[in-house]
Amino acid sequence: MADTAESGNPEGRMAHLEKRGEFLARALHDHWAMVCRILAHLLGDGDEAQDVALEIFRRLDHRRPPEHLQAYLRRAAVNAGLNALRAQQRRRRYEQEAGRIVLQAGCAADPAIHVERAEQVIQVRRVLAAMRPRSARILILRHTGLSYDEIARALGVSPSSVGTLLARAEAAFAKRYRAEEES
Amino acid sequence: MTPHVPDGDLRAMMDGALEPSREREAAAHVEACHRCSARASRIAARAQRTTEAMGALTATEPALTMGTGAAAEVILREERNMEHYHPVRRPALVSAVIVVAMGLLLAIPPVRTLAGQFLSLFRVQTLAVVEMESAAIPSAAEIEAFIPELDRIFEDDVTMTMEGHSRAVSPEEATAHAGYDVRLPSGDAPTALRLSPLVRLSLTIDLERIRGLVRELGYDSGALPETLDGQVVEVTVYPMVTAEYGACGPEGEGDGCITFAQMPAPDVYVPDELDLEELGGVYLQMLGMSARSARELAERTDWFTTLMLPMPQGSVLGVETVTVDGIEGVLIQPGVTYSPEEYLILWVRDGMTYALRGYGDPTPALMLMATL
């Protein structure tokens, strides 16, 4: 990347790191909690969520910041989270994860309820990981509590198409979720 | 009667997200129309089921312990450790790297998209060999001519971050630090085992420079789309574990020396603007195909899964399919211009890429892999 920072000039490099630090501090202050929260719910693991969030902020280039930083970060969080979910699925870690979720659920009056909830979480994650990314993205954003306008901005689509995309995504989700329940 | 209400409007109506006038019109229609009313009920039921299921994700709050200060510190520390990449000044190697790198860019995985709308993740899944016409191989003079330009590209447009350095490890350390389950033959212990670090490369495309480079090599640069300019290509090369068996020299050479390497397929993030079929055609033309044949093969090729390995015609003793590690691999025996007896076996299994290198008869190496 063309910048004095990487060209070996120590003063340029310091100035670059300082500017980079200021930009990062602002972006992290405004959006770190939001990105971590999206990822934590999606992945069910705070440490992994923070690792993925770090990667997202690392990729932020202060020389060419996205026009709508919040929308960009929401989209990046959902995409990176979905990717991490697929990686989890590849490693066949869902079964192990069930045990961890049960432990996280804590003082269960009826352990059977918590096992059932853990299984439901696993099924939801499996369905999201298997769905077309475009559909999974809109479901996650909607269930993060975003309005149609905010979803449209995050996905770069027109607000009037959000209803259509959401209806399609829910139909696809319902179909796969039913298949998961039956399998 | 007004036209039927589309699914999207029915769904938006449930969330109160329609324009007031449109909502009144749609609601009046649904009330009078059995078909739309039934559809609205089905859509509402699906939305309800989805909301309930997705609600399970937010039922627990995983602990988040890292604050913004710590996050900034981690990212900036990593950037302070950033190292420069210096290209190796070996013309044949440089040319091979460029051709293979283009192939890597064209090896696409099926469904994964990442990091925003503008980036896609590409991943090698299978290997294919394509013969490269001798005339298509740039001459030594042509390669020498573009090295200064290549240097400038690497200096200005490419950054590389390495997490640590290559080092000797025990089998236990290899698995602990590689980030994946390291597979080694169960028979003989390796005479040497090394772990290379994770490497991140980031290339900001300067279209004029890349076009100049392609022209310098004697190829048509017109097919590289304008939209590529300024885009960022990111490559993550995961830690590689290299095991040596037998008596090996410092470069893994020597009769009876077998080198076995493994690493996850690299992640390559490229701009969505890339027209892969078109680029695949350019790549095949670079390998010496006529424009028409290149276009036909590019259309037939599943660029989503295939890494094309270019093999210069006439300089190859043999390229054949072999069974290794329970699947099909590619056995390449380069010709007299390099090491006459050297062979290379490549295969991809479960997202991991494996390479086996040795000298002479590959049978002992294949037997070694039978105990993997």
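The structure displayed is predicted, hence computed values, not measured ones. (Residues numbered from 1 in each chain as written. Chains lettered and ligands numbered in written order. Predicted model: local features only at pLDDT ≥ 70, side-chain atom pairs only at ≥ 80, totals over all residues. Heavy atoms only, no water.)

Some points on the overall build of chain A
Next, step 1: Along its length, chain A carries 8 helices and 0 strands.
Next, step 2: Element order for chain A, N to C, with α for helix and β for strand: α-α-α-α-α-α-α-α.
Next, step 3: Within chain A, the fraction of its 183 residues that count as buried is 54%.
Next, step 4: Restricting the contact set of chain A to residue pairs at least 6 apart, pairs at least 24 apart contribute 66%.
Next, step 5: Accessible surface, chain A: about 8600 Å² in total, of which carbon and sulfur atoms supply 50%. (Helix = DSSP H or I, 4+ residues; strand = E, 2+ residues; numbered from the N terminus. Buried < 20%, exposed > 50% of the residue type's maximum accessible area, 1.4 Å probe, protein only. Contact = heavy atoms within 4.5 Å. Areas by Shrake-Rupley, 256 points an atom, 1.4 Å probe, with all protein chains shown as cover.)

A look at the packing of helix 1 (residues 7–14) of chain B against helix 2 (residues 20–32) of chain B
All names here are of chain B.
Next, step 1: Remark: helix 1 packs on helix 2, axes separated minimally by 11 Å, with the N-to-C direction vectors making an angle of 110 degrees. Classified by the angle between their axes, helix 1 and helix 2 sit roughly perpendicular to one another. Listed contacts from helix 2 to D9, L10 and M13 of helix 1 are R22, E23, A26, A27 and V30.
Next, step 2: Counted by class, the contact of helix 1 with helix 2 contains 5 nonpolar, no polar and 3 charged residues. (Axes fitted to C-alpha atoms, helices over the stretch in contact; angles between N-to-C directions. Parallel < 35°, antiparallel > 145°, perpendicular 65-115°, else oblique. Nonpolar A, V, L, I, M, F, W, Y, C, P; charged D, E, K, R; others polar.)

Side note on the environment of E25 of chain B
Residue and element names in this part refer to chain B.
Next, step 1: Along the chain, the position of E25 falls in helix 2.
Next, step 2: What makes E25 partly exposed here is its relative accessible area of 38%.
Next, step 3: In this structure the C-alpha to C-alpha distance between E25 and P3, which are 22 residues apart in sequence, comes to 9.9 Å.

Describing the state of the cysteines
Residues and elements named next belong to chain B.
Next, step 1: Scanning all chains against the criterion turns up 1 disulfide over all chains.
Next, step 2: Each disulfide pairs two cysteine sulfurs, and for C248 the partner residue is C257, the sulfurs being separated by 2.0 Å. Residues C248 and C257 are joined by a disulfide whose S-S torsion is about 100 degrees; by sign, that bridge is right-handed.
Next, step 3: A relative accessible area of 24% means that C248 is categorised as partly exposed.
Next, step 4: Not engaged in a disulfide, the cysteine C36 finds its nearest cysteine sulfur in C33; these two sulfurs lie 3.7 Å apart.
Next, step 5: With a relative accessible area of 0%, C36 lands in the buried category. (Disulfide = S-S within 2.5 Å.)

Looking at the packing of aromatic side chains
Residue and element names in this part refer to chain B.
Next, step 1: With the rule as written, the count across this model stands at 5 aromatic pairs over all chains.
Next, step 2: Each ring, one from F260 and one from W347, has its centre 6.1 Å from the other, and the planes form 10 degrees; the classification is stacked. Here W347 lies in strand 14 (residues 342–349) and F260 lies in strand 9 (residues 258–264), a separation of 87 residues in the sequence.
Next, step 3: Seen from their ring centres, F260 and Y354 are 6.0 Å apart, and the 5 degrees between their planes marks the pair as stacked. Of this pair, F260 sits in strand 9 while Y354 sits in strand 15 (residues 352–359), and the two are 94 residues apart along the sequence. Note on accessibility: F260 and Y354 belong to one class, buried.
Next, step 4: Among the aromatic side chains, those forming a connected cluster through ring pairs are F260, W347 and Y354. (Phe/Tyr/Trp six-rings, centres within 6.5 Å; stacked < 30°, edge-to-face > 60°.)

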